[in-house]
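# A structural walkthrough
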Amino acid sequence: MRYRSILPAFLSALLLGACAGTPSAPRDDASRRGEPSSSPLYHAIAERDAAMSAAFNSHDINAMMALFDEGLEFYHDTGGLQRYADVKKGFANLFGRNDGIRRELVAGSLRVFPIKGHGAIELGSHRFCHVENGKDDCGTFDFLHVWRQAGGAWKITRVVSYGH
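Scoring rules and cut-offs
- Residues numbered from 1 in each chain as written.
- Predicted model: local features only at pLDDT ≥ 70, side-chain atom pairs only at ≥ 80, totals over all residues.
- Heavy atoms only, no water.
- Phe/Tyr/Trp six-rings, centres within 6.5 Å; stacked < 30°, edge-to-face > 60°.
- Helix = DSSP H or I, 4+ residues; strand = E, 2+ residues; numbered from the N terminus.
- Buried < 20%, exposed > 50% of the residue type's maximum accessible area, 1.4 Å probe, protein only.
- Lys NZ or Arg CZ within 6 Å of the ring centre and 35° of its normal.

Before going further, it helps to examine the packing of aromatic side chains. Evaluation of the coordinates by the stated rule reveals 6 aromatic pairs. The interplanar angle of 25 degrees and the centroid separation of 6.2 Å between the aromatic rings of F68 and F91 together place this pair among those described as stacked. Of this pair, F68 sits in strand β1 (residues 68–76) while F91 sits in helix α5 (residues 84–96); the two residues are 23 residues apart in sequence, bridging distant segments of the chain. Owing to a relative accessible area of 13%, F91 belongs among the buried residues under this scheme. An angle of 35 degrees between the planes, with centres 6.4 Å apart, marks the rings of F128 and F141 as tilted. Of the two residues, F128 sits in strand β5 (residues 119–132) while F141 sits in strand β6 (residues 135–150), which places them 13 residues apart along the sequence. Across the pair, exposure class does not vary: F128 and F141 are buried alike. Above the face of the F143 ring, R103 is positioned so that its terminal group lies 5.4 Å from the ring centre.

Structure representation (structure tokens):
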């Protein structure tokens, strides 16, 4: 019985506490698009994305894996969760098929958002093509990369790959 009288007061206090914070400023469309392409952070992430495409397209497994943190979590909508060793094995198998697989960032799709005290979020779409039955077989997919900057180096700690 005693709890019935305390519960409404407790819930009211929680609600008041949740509402008492400083109101946030409304977000404009520019903040939803991320960093401007002229910002240093945007350039840093765009350069690393270009390095990823170069490593992928040359099938350089060591250069590819150097972009990933050893604590990597790679979430793939059809493949599930993979860790660093799984991703390395997957790239080795993919490159070993020797079907000319290549990656390119879809022009205009790159968006970069800072993560205070950590690094950045990269959002975009990339196109993968390989040769199948003598013809290019291509698909465009979306991705999210979480980059951590530590000691001047940038590494991907999380990948979300979806739309397959």
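Now that the structure is up, let's keep going.
Moving on, we come to the environment of G134. Checked against the element boundaries, G134 lands in the loop between β5 and β6. Expressed as a C-alpha distance, the spacing of G134 and D99, which sit 35 residues apart in the sequence, is 9.9 Å.

Take it as geometry only, folks, not as evidence of what the structure does.
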